[in-house]
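Structural features, examined
So you can see what is in the structure, the chains are spelled out below.
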Amino acid sequence: DGAGTDASVVAGIEWAAAQGAHLISMSLGSPVPSIAMQEAIRHAVASGIFVICAAGNNGADDSVEYPGHWSETIAVAAVDRHGRVAKFSSRGPEVAIAAPGEDVLSTYLDHGYAKLSSTSMATPFVTGVIALMLAKHCKQGGHTRIIHVGDLREHLARTAVDVSSLVT
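Residues numbered from 1 in each chain as written. Predicted model: local features only at pLDDT ≥ 70, side-chain atom pairs only at ≥ 80, totals over all residues. Heavy atoms only, no water.

**Topic: the overall build of the chain**
Of the regular secondary structure elements, the chain holds four helices and six strands. For the chain, the exposed surface amounts to about 9600 Å²; the carbon and sulfur share of it is 56%. (Helix = DSSP H or I, 4+ residues; strand = E, 2+ residues; numbered from the N terminus. Areas by Shrake-Rupley, 256 points an atom, 1.4 Å probe, with all protein chains shown as cover.)

Following this line, the structure appears as structure tokens:
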């Protein structure tokens, strides 16, 4: 039904960390912080895992939801088909990057498909790109080491295209 508990999310983070995950993608959010979730994320990040989170769908400035609000994560906003920040996308200084999030074809209930619009749709795009970046820079000896979330933020900022300059 699209809902869950903090405890189940924490259990998922802990399980992924125990399995040796390199990335955790979280297409979820809440306006209310969870101390247990933040601690689980901090533990995962301390063990070398990058946590990529949807920014939220509030549509207002300074409205990035948790867990994307925390500095340990990479918060992902959504852009529309014209490269503009989507009207529904949360915005704020916590956002590291944006990706397509409007009318994205996705799997859906009862073995179906649907076009969905949210920062949860944008987050997997970014997670996939980060997986490729990590494969290059951590495993194949890329020129720029990506070890900490700060390194990742910096690399994303250097390599992303500011689509606002391309929109006419």
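**Description of the side chain of Ser34**
Assignment of secondary structure puts Ser34 in the loop between strand 1 (23–26) and helix 2 (35–46). For Ser34, a relative accessible area of 8% translates into the label buried. A polar side-chain atom of Ser34 sits 3.4 Å from a polar atom in the side chain of Asp6. If sequence neighbours within four positions are ignored, Ser34 has contacts with Asp6 and Trp70. (Buried < 20%, exposed > 50% of the residue type's maximum accessible area, 1.4 Å probe, protein only. Polar contact = N/O pair within 3.5 Å; in protein donor to acceptor, adjacent residues only side chain to side chain. Contact = heavy atoms within 4.5 Å.)

**Re helix 2**
When the terminal C-alpha atoms of helix 2 are compared, their 16 Å separation across 12 residues agrees well with the 16 Å that a helix rising 1.5 Å per residue should span. Every buried residue of helix 2 is accounted for by Met37, Gln38, Ala40, Ile41 and Ala44. Projected onto a plane normal to the axis of helix 2, the buried residues spread over an arc of 160° and lie on a single side. Away from the buried face of helix 2 by more than 90 degrees, exposed residues Ile35, His43 and Ala46 are located. Where helix 2 is buried, its residues touch helix 1 (6–18), strand 1, strand 2 (50–54) and strand 3 (73–79). Downstream of helix 2 by one or two residues, Gly48 has phi in the positive range, about 95°. (Expected span 1.5 Å × (residues − 1). Arc of directions from axis to C-beta.)

**With respect to the sheet that holds strand 3**
Strand order in this open sheet of four strands is 1-2-3-4, and the pairing throughout is parallel. Where the open sheet ends on each side, the last strands, each with one partner, are strand 1 and strand 4 (95–100). Adjacent strand axes in the sheet meet at a mean angle of 30° when their direction is disregarded. Direction of pairing for strand 2 relative to strand 3: parallel, over a ladder of four bridges. Residue pairing in the sheet places Val51 in a bridge with Thr73 of strand 3. (Pairing = 2+ DSSP bridges. Axes fitted to C-alpha atoms, helices over the stretch in contact; angles between N-to-C directions.)

**Here's the deal with the layout of surface pockets**
Counted as a void, the largest pocket has a volume near 560 Å³. Of all elements in the fold, only strand 3, strand 4, helix 3 (119–139) and helix 4 (149–159) reach the threshold of two or more residues within the lining of the largest pocket. A per-element tally of the lining of the largest pocket places strand 4 first, with six residues. Looking at the lining of the largest pocket, its residues break down into 17 nonpolar, five polar and three charged. (1 Å grid on protein atoms, 1.4 Å probe; cavity = no way out; pocket = protein on both sides within 12 Å on 5 of 7 lines; lining within 4 Å. Points joined across faces, edges and corners; volume = space filled by probe spheres on them. Nonpolar A, V, L, I, M, F, W, Y, C, P; charged D, E, K, R; others polar.)

**A short note on the environment of Leu152**
Looking at the secondary structure, you find Leu152 in helix 4. In this structure, the C-alpha to C-alpha distance between Leu152 and Pro67, residues 85 residues apart in sequence, is 17 Å. When neighbours within four sequence positions are excluded, Leu152 is seen to be in contact with Phe50, Ile52, Ile74, Ile130, Met133 and Ile146.

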